[in-house]
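# Structural characterization, general
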Amino acid sequence: MNIQEIVKGIHYVGVNDRVKHKFEALWPLPYGVSYNSYIVTGDEKIALIDCVSIEEVREFFINIESIAGDRKIDYLVVNHMEPDHSGSIPEIVRAYPDIKIVGNSKTIDMIRGFYHIDNPEQFHEVKDGDKIDLGGRELTFHLTPMVHWPETMMTYVEDAQLLFSGDAFGTFGALNGAVIDRDMETDVYIREMYRYYSNIVGKYGRFVEKALAKLSGLKISYICSTHGPVWNEKIAEVSEIYTRLAGYKSELGVVIVYGSMYGNTAEIAEMIARELAAKGVKRIIIHNASHSDLSDMITDAFRYQTLIIGSATYSMRLFPPVEAFMNAMETREIKNKIIGTFGNYTWASGVVTTKLVESAERMKLPVTASLIIKQSAGETTPAQVKEFAENIYNAMTNPPEASENGEA
Ligand code: FEO
């Protein structure tokens, strides 16, 4: 039970999930995840901000009751409808039948669709900038669509300079005792913020940028996301990360993702890495797509400037784990990357190069260097790799768009 008063009258009442293996049935949770919920108490009324996943509803009620006691909850503010937060809405409505569910028109439409709550009396629809007075304390609603779904909004408490940000600024990782960043070691959450952003929110960078611009005039001392720590002393750091990620700005570094059945394509990956290392590139990450989790490959590809993809030819297609990775990249509309491709064939000479180049074209990313070998590395391969690495290195040191942070 992680209950904490963040500022006077605003309590954390969220829960940890250390059982679920994969978030959205896709993304590993090695450190668990928290579903954050908050109670805001005014002189006259009480609001609950977001809910939790249905699996954790029992602890959620214990937390709510430990703060609200026998008082009724007047409002349930739904900033985001993905079921990791909205799953327990029906239970809340059952426990507090007079509660008003606060959301915008899209929220209300989704609540009807997901949970078949149809009584119009149950809803309090808000538009951008609307306020609710709790008595000496107001909630202001800012619509921030597509961070992460169309209905997403954020809720601001001006007197506390506190923003309930929905998924924005969220991280994987359950909360280990403390709730606010100043009271904990945050390294793991900062790392998991990159993974959360790239895996979950990454496709919606331009909407995140719009939201950040829209909120830039607010004084914010606390960011209360739906996952991970409450940000207080590290607001500047997490805002910088978000601004950078939303703008698809990379850190210097090379990520090599390859798929290899019998080691011949893997050998090229190692040769490319050695050539780049010899040129002084220090941050090189190699992922064997058959071994690394898609989640980590996406994270690193999102984070670093140069992405080199290699694939064996497989039934006239890319090797399946590489194909899955490229699909994930396309889905996220990844931008501002230096791209290199390499591959290997036994009898179908053009397949891998064509498929990788077509994928890069769909992402509007030019391919800086490309290399193909037949069956296994031969006499000419070292020269091919040298030229490939030279072209990549030149692009890295003269990037079309300046990258930020870190060293090559
Ligand atoms: Fe944490 Fe988009 O749900």
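Residues numbered from 1 in each chain as written. Predicted model: local features only at pLDDT ≥ 70, side-chain atom pairs only at ≥ 80, totals over all residues. Heavy atoms only, no water.

### As for the sheet that holds strand β11 (residues 123-125)
- One open sheet holds the seven strands; their spatial order is β1-β2-β7-β8-β9-β10-β11, and the pairing between them is mixed. Unpaired on one side and paired on the other, β1 (4-7) and β11 mark the two borders of the sheet. Each strand axis lies, on average, 25 degrees off the axis of its neighbour in the sheet, ignoring direction.
- By the bridge criterion, four bridges tie strand β7 (residues 38-41) to strand β8 (residues 46-49) in an arrangement that is antiparallel. (Pairing = 2+ DSSP bridges. Helix = DSSP H or I, 4+ residues; strand = E, 2+ residues; numbered from the N terminus. Axes fitted to C-alpha atoms, helices over the stretch in contact; angles between N-to-C directions.)

### Digging into a positive patch on the surface
- A contiguous patch of positive charge, built from Arg206, Lys210, Lys335 and Lys364, is present on the exposed surface.
- Tracing the sequence through the fold places Arg206 in helix α6 (residues 205-215). (Patch = residues over 30% accessible without salt bridge, like charges linked within 9 Å, V, L, I, M, F, W, Y side chains within 5 Å. Areas by Shrake-Rupley, 256 points an atom, 1.4 Å probe, with all protein chains shown as cover. Salt bridge = Lys/Arg side-chain N within 4 Å of Asp/Glu carboxyl O. Lys, Arg positive; Asp, Glu negative; His and termini not counted. Charge placed at Lys NZ, Arg CZ, Asp CG, Glu CD.)

### Here we look at the state of the cysteines
- For the structure on display, the rule yields zero disulfides.
- Residue Cys224 stays outside any disulfide, its sulfur separated by 16 Å from that of Cys51, the closest cysteine.
- The class for Cys224 is buried, based on a relative accessible area of 1%. (Disulfide = S-S within 2.5 Å. Buried < 20%, exposed > 50% of the residue type's maximum accessible area, 1.4 Å probe, protein only.)

### Quick word on helix α12 (residues 381-397)
- With 17 residues, α12 ought to run about 24 Å at 1.5 Å a step, and its terminal C-alpha atoms sit 24 Å apart, in line with that.
- Along α12, the residues that are buried comprise Thr381, Val385, Phe388, Ala389, Ile392, Ala395 and Met396. For α12, the arc enclosing every buried residue in end-on projection is 125 degrees, short of the 170-degree limit, so these residues lie on one face. Turned more than 90 degrees from where α12 packs its buried face, Ala383 and Glu387 sit exposed.
- Contact partners of the buried residues in α12: β17 (251-259), α8 (264-278), β19 (304-314), β21 (338-345) and β22 (367-374). (Expected span 1.5 Å × (residues − 1). Arc of directions from axis to C-beta. Contact = heavy atoms within 4.5 Å.)

### Some remarks on the pattern of salt bridges
- Within the structure shown, the criterion is met by 17 salt bridges.
- For Lys203, the salt bridge is made with Glu333, and the minimal N-O distance between the two is 2.9 Å. With Lys203 in the loop between α5 (187-201) and α6 and Glu333 in the loop between α10 (320-331) and β21, this pair connects stretches of sequence that are 130 residues apart.
- By sharing partners, the salt bridges in this structure join Glu240, Arg244, Glu251, Arg283 and Arg303 into a single network.

### With respect to a negative patch on the surface
- A surface patch of like charges, here negative, comprises Asp43, Glu44, Asp133, Glu138 and Glu158.
- Here Asp43 lies in the loop between β7 and β8.

### What to know about the packing of aromatic side chains
- The full count for this structure, using the stated rule, is 13 aromatic pairs.
- Between the aromatic rings of Phe60 and Phe61, the centroid separation amounts to 6.4 Å while the plane-to-plane angle is 55 degrees, which identifies the pairing as tilted.
- Classification of Phe60 as buried rests on a relative accessible area of 0%.
- Taking relative accessible area as the criterion, Phe61 reaches 15% and is therefore assigned buried.
- Each member of the aromatic cluster is reached from another via a ring pair, and the members are Phe169, Tyr197, Tyr242, Tyr248 and Phe302.
- Here Arg303 stacks its cationic end above the ring of Tyr194, 3.6 Å away from the centre of that ring.
- Over the ring of Tyr248 we find Lys335; its NZ or CZ atom is 4.6 Å from the centre of that ring. (Phe/Tyr/Trp six-rings, centres within 6.5 Å; stacked < 30°, edge-to-face > 60°. Lys NZ or Arg CZ within 6 Å of the ring centre and 35° of its normal.)

### As for the sheet that holds strand β14 (residues 153-157)
- One open sheet holds the five strands; their spatial order is β12-β13-β14-β15-β16, and the pairing between them is mixed. Across the chains shown, the open sheet's two edge strands, defined by having one partner strand only, are β12 (131-133) and β16 (222-225). Averaged over neighbouring strand pairs, the angle between their axes works out to 20 degrees when direction is ignored.
- Alignment of β12 against strand β13 (residues 138-143), held across three bridges, turns out to be antiparallel. What sits directly across from Ile132, in β13, is Leu139.

### A word on the nonpolar core
- Core analysis: the biggest nonpolar cluster contains 117 residues, and Ile6, Ile89, Ile92 and Leu162 have the highest contact counts within it.
- Examining the composition of this core, we find that nine residues originate from one element, α5, more than from any other.
- The residues contacting Ile89, other than those within four sequence positions of it, are Cys51, Leu76, Val78, Met81, Ile101, Ile111 and Ile117.
- Listed in part, the 23 residues of the second largest apolar core include Ala266, Ile338, Leu371 and Val385. (Core = buried A, V, L, I, M, F, W, Y, C linked by side-chain atoms within 4.5 Å.)

None of this, on its own, says anything about what the molecule does.
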